[in-house]
Amino acid sequence: MPFTTQTITNSNITMPSYLAIFDLDETLIAADTTHLWHHFLVEKGLAPPSLLTHENTMMAADAKGSLDMSSYITTTLEPLTGKSLHTIRHLVDDFIREVITPAIYPQALERIEWHRKRGDHLLIISATGEHLVKPIATFLGIDDVIAIEIEQNHGVYTGKTTGILSFKEGKVERLKRWLQQQNHRYKGCYGYSDSINDLPLLNFVNKPFAVNPDPALAMHAQMQEWTIMDWRHDNNILH
């Protein structure tokens, strides 16, 4: 069911504004965050080079539409297993400073600021782990995050996930639950993504935008007369 102002059922509501939802990878930044993170870990000697080989195989499957998301998550979270939240957060801070900051689309920053000046509520919904998405959102000054939830045991990562994966239809399910917890009734909802994987999310919002869309999303956006945004980055970010 598409987003409506009736989505919020909590009676303790405040004055309405708009909700602005951004995908992270290839939307706000000119690369895949997990891919950059793995290269960062390998270069620091904190993960074996075989991690990159496994990831490349899975990304090839993703391009064919046959990615096993559970297997992908297991592989990508392996470097976290047994490490403390404090250790990973310290590494992520370095990662953001060294790798993510140069990868941010300038137009993404402009759009975030545009929404902020309007008084809109900012939200990232990503299929990347929360250990990366939350600190990046904080760095960008974005209010809230929905990302892959990672299991912890006494302050140590187990390498497993919890809850609904925020991927494809899972993004919409997580968003609906998040909306039910908010003390706010929104006038409407903007949504930004590059990927056909986010078609359920873009169909749910009432103001969808395709940012540097992949071919499948570009075709759908054209047919639906959605706004297509062309964001460019001059730096060579990809490894």
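Keep in mind the model is a prediction, meaning the values are calculated, not measured.

1. Examining the side chain of D120
Here is step 1 of the chain: The topology assignment puts D120 in the loop between α5 (106-118) and β2 (121-129).
Here is step 2 of the chain: At 2.8 Å, the side chain of D120 forms a polar contact with the side chain of H115.
Here is step 3 of the chain: For D120, the side chain forms a polar contact with the side chain of R118, separated by 2.7 Å.
Here is step 4 of the chain: In contact with D120, other than residues within four places in its own chain, are Y18, H115 and D143.

2. Considering the nonpolar core
Here is step 1 of the chain: One finds L28, W37, F95, I100 and I142 to be the most contacted residues of the largest nonpolar core, which totals 53 residues.
Here is step 2 of the chain: If you tally residues by element for this core, the top one is helix α4 (residues 85-103), at 8 residues.
Here is step 3 of the chain: Those residues in contact with I142 that sit more than four places away from it in its chain are L28, I112, R116, L122, L123, I124 and A137.

3. Some remarks on the packing of helix α1 (residues 33-43) against α4
Here is step 1 of the chain: As a packed pair, α1 and α4 sit with axes 11 Å apart at the nearest point and diverge in direction by 120 degrees. Judged by the inter-axis angle, α1 sits oblique to α4. At the point where α1 passes α4, the crossing takes the right-handed sense. Residue-level inspection shows T33, L36, W37, F40 and L41 of α1 in contact with α4, the latter providing L91, V92, D94, F95, E98, V99, I100 and A103.
Here is step 2 of the chain: When grouped by side-chain class, the residues that make up the contact of α1 with α4 number 10 nonpolar, 1 polar and 2 charged.

Criteria and thresholds
- Counting of residues starts from 1 at the beginning of each chain's written sequence and follows it residue by residue.
- For a predicted model such as this one, the threshold for reporting local features is a pLDDT of at least 70, and the threshold for listing and counting side-chain atom pairs is 80 or more; totals across whole chains, interfaces and linings nevertheless cover every residue.
- Based on all heavy atoms of the structure, the side-chain values leave hydrogens and waters out of the count.
- Under the scheme used here, helices are H or I runs from DSSP no shorter than 4 residues and strands are E runs no shorter than 2 residues, and both carry numbers assigned from the N terminus.
- Side-chain atoms alone can form a polar contact between residues adjacent in sequence; in general such a contact is a pair of N or O atoms within 3.5 Å, and within protein one must be able to donate a hydrogen while the other accepts it.
- Pairs of residues are marked as contacts when any of their non-hydrogen atoms sit within 4.5 Å.
- To qualify as a nonpolar core, a set must consist of buried Ala, Val, Leu, Ile, Met, Phe, Trp, Tyr and Cys residues joined through side-chain atoms within 4.5 Å.
- Each residue is placed in one exposure class: buried if its accessible area under a 1.4 Å probe, protein chains only, is under 20% of its type's maximum, exposed if it is over 50%, and partly exposed if it falls in between.
- The axes used here are C-alpha line fits, helices contributing only the stretch in contact, and every angle between their N-to-C directions lies in the interval 0 to 180 degrees.
- Oblique is the label for every angle not falling under 35 degrees (roughly parallel), over 145 degrees (roughly antiparallel), or within 65 to 115 degrees (roughly perpendicular).
- If you view the pair so one helix is near and one far, a crossing is left-handed when the near helix is turned anticlockwise from the far one by less than a right angle, and right-handed when it is turned clockwise.
- Just so you know the grouping, Ala, Val, Leu, Ile, Met, Phe, Trp, Tyr, Cys and Pro go in nonpolar, Asp, Glu, Lys and Arg go in charged, and all remaining residues, Gly too, go in polar.

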